[in-house]
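Listed below, chain by chain, are the residues.
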Amino acid sequence: MELLPLTSKKSNQIKDEWSQCKTPFQTPSLVRINNIIENLKSYSKTGDVSLVEKAYIFSAKVHQGQVRLSGEPYLIHPLQVSYILTQMKMDEICVATGLLHDTVEDTYASIEEIKTLLGTEIATMVDGLTKLSKINFRSTEERQAENFRKMILSMAKDIRVILIKLADRLHNMRTLEFLPAEKQKIIAQETLDIYSPIANRLGIDWIKAELENLAFKHLYPEKFNYLDEKIKTQQNKRNQYIEEVKKMISKKLDSITLCEEIKGRVKQYYSIFKKMLHQQIDFDQVYDLIAFRIIVGSIKDCYEVLGIIHSVWKPVPGRFKDFIAMPKANMYQSLHTTVIGPYGERMEIQIRTPEMQQIAEEGIAAHWKYKEDKEIDKRDGQMFSWLRQMLEWQHELKDPKEFLETFRTNLFPDEVYVFTPKGEVKAFPQGATPLDFAYSIHTDVGNRCVGARANSRMVQINYQMLNGDTIEIITSNRQNPRKDWLKIVKTSRARTKIRQWNRLEQQNDNIKKGKELCQQNFKKYNVDFTKLYKSGEIKKSGEELGFHDGQDLLAAIGYGKIPVNHLIKKFVPPEKLEQQQPIRQKKKPVKKKLKSPAQSRVIQVKGLDNILTNFAKCCNPLPGDKIIGYITKGKGVTIHTEGCPRLLDTNPERRIETNWTPDKEFTHTTKIKVICHNTPGLLAEISGAISQQEINIKGAAISTNKSHQSVCIFEVEVKNLDHLHDTISAIQHIKGVKKVVRMRL
């Protein structure tokens, strides 16, 4: 592969392409090292350009001959990533690392080689970006969890690691169409669940918006195209409206010379889609499609302009938010209000200063100062409090599913702001309760919480806190966490601490049961179990059986994971065991073998044959769902879907790998919810569509929601997940149907 030169005869052609970019955040299709260096020099007068050039030459050398699925040379990808980093105005170390981010994972290059050539700092960052691809994991989810753990640890040492990761993901999303359809959906969903929220947490709005729209396009192509067509149909009309309103605002504000800039735009596609989904409305019912942004000189001017806007147009009640007095967790500041504008159209207006605008677009990249130690200090504490929590949880949460759930839920900061009795502001997710507040203060305060006062008024622990509440926690030494608290709390910290307490209590109970079982059974062979335990022999045996220590071994025996005989064999001679065995068998009562129902035959439980299985009612798994079994005493194995919330509250050590038996058919009962217009004959049409799929309807319940729409719950029998999806698709194509979902817990 011919290396792209540092200088080129075609530089004028490239500059022409550059000048055609509509915004500073767009990247041209052709990126060369010249463009990266040119961008770097535009904002960094002291940057070491030679370091970037050296990284480019090394990257080109090790990636030589490699091509992407698009057929392009692989080198195009690191060049694009580095250019995106220059758009974020990152330093030369970060830009150079962007050129090298895939070298260790995808080529013969090593961390030591990079360290020798380009220094320890770049080598450490490349290592933080390298996936754990050479380690064998038990599941894809475990691999994903461990990769995110590594990323979090790297972020804590140097926040630039995640900025490079975001640039990498952004270019991958821009070229996602070259991957197989199934892979596209997996990557798009991960982007929506993890990377877009991270960009939001770091305040980088332009990356967040583009990631969301690209993910939306690949996950819901029909809905994306529907919105695209709808918006483009009336684009000229909306542009005229935007210009008209901008002139009206400008004329009103020019007299007092407050306004520096006015912008108007149609909201992002994904933002519109979320509103339609949340409010269960059509596109034509989305009334605040257009948003305006007014940039003014000072904070004082922001509030003065707000007063003028409200004097011109009537504000919509409950739609004013002051993010200047109460900044978001990512340091975002602005005034938001929705008003009834010209022609009765609702429009959102945001008012902010130039500094607020810079932080809103660029987030951490706008104000992050690189220090010698490259660590997050106290001044950045508010923005990075969530990252510190992530660091704490990645140590505490050993179960991959629970870790990923915590990681995802903590990234969505739709917040309410409440006060401590001393006037300190604390931010919580919508729906958070005094229990969440208590655990945010200290684990012991949460564990002992019995109630709270909100604005000096007594409230229950399940009270949902409101903006501006002053919360005071009431505790009692007699109180301990309960399992049903998990249904009350919203924060990952509170959920983690409650689970830890419950597991510790369960662990202690199992240790006690295990100890009693060992003492009883060892006594039959005249062996002093207590003496063996104190001498450390039991601990040694536990380690040989794969347990961390003697306590873990006893817990496993206590809840029946391993039989006590496995331990006895290590201390009692075989001949003595054979003498005792017949006696023990005579005394043992005869138990009838449990007959496994038909559904047991469609499930394969790893390492076990003829085991009783049953399906969890909380998630109703269907063939095609990813499933996990949970061992229940006396009830065999209960089958859950992988993402079932109740499964996450169980002991991870009782979970067991399960699979669907190929080519085994068995009808499964599940429920689907249909939201539709309340019109005559529509219910009969929906029932007919279900019947055409050869599905039996076991039951149906019809009600009306607040929007006067019909809500139909159908209990149906299906063969597998594909059968269900075909049915849902058939119902969705009926005119008047707004939404169809599979019901879960």
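This text follows the structure it describes.
Now for a look at the structure at hand. (Residues numbered from 1 in each chain as written. Predicted model: local features only at pLDDT ≥ 70, side-chain atom pairs only at ≥ 80, totals over all residues. Heavy atoms only, no water.)

Notes on helix α12 (residues 205–219)
A rise of 1.5 Å per residue sets the reference length of α12, with its 15 residues, at 21 Å; its end C-alpha atoms lie 21 Å apart and thus fit the reference within 8%. Most of α12 is tucked away: 12 of the 15 residues are buried. Looking at α12, one finds that the buried residues are W206, I207, K208, A209, L211, E212, N213, L214, A215, F216, H218 and L219. Against α4 (76–87), α10 (160–174), α11 (181–201), α13 (221–233), α15 (269–279) and α17 (354–362) lie the buried residues of α12. (Helix = DSSP H or I, 4+ residues; strand = E, 2+ residues; numbered from the N terminus. Expected span 1.5 Å × (residues − 1). Buried < 20%, exposed > 50% of the residue type's maximum accessible area, 1.4 Å probe, protein only. Contact = heavy atoms within 4.5 Å.)

Considerations on the nonpolar core
By size, the foremost hydrophobic cluster in this structure holds 98 residues, and its most contacted members are L85, M88, I114, I122, I294, I349 and I351. Leave out the neighbours within four places in its chain, and I351 touches I294, V296, C302, V305, L306, I324, S334 and L335. Counting 23 residues, the second largest nonpolar core, distinct from the first, contains Y439, A452, I488 and A494. (Core = buried A, V, L, I, M, F, W, Y, C linked by side-chain atoms within 4.5 Å.)

Considering the pattern of salt bridges
This structure, assessed with the given rule, holds 15 salt bridges. Put simply, E261 and K263 hold a salt bridge, and the shortest N to O gap is 3.8 Å. Within the structure, one salt-bridge network assembled from shared partners comprises D91, E121 and R160. (Salt bridge = Lys/Arg side-chain N within 4 Å of Asp/Glu carboxyl O.)

Focus on the pairing of strand β9 (residues 449–454)
Examined bridge by bridge, β9 and strand β11 (residues 471–475) share five bridges and lie antiparallel to one another. Residue pairing across strands places R453 opposite E472, the latter belonging to β11. As judged from the three bridges shared by β9 and strand β10 (residues 457–459), these two strands associate in the antiparallel manner. When the bridges of β10 are listed, A452 appears paired with V459. Where β9 hands over to β10, the hairpin turn is made up of two residues, of which N455 adopts a positive phi near 55°. (Pairing = 2+ DSSP bridges.)

In short, geometric facts, not functional conclusions.
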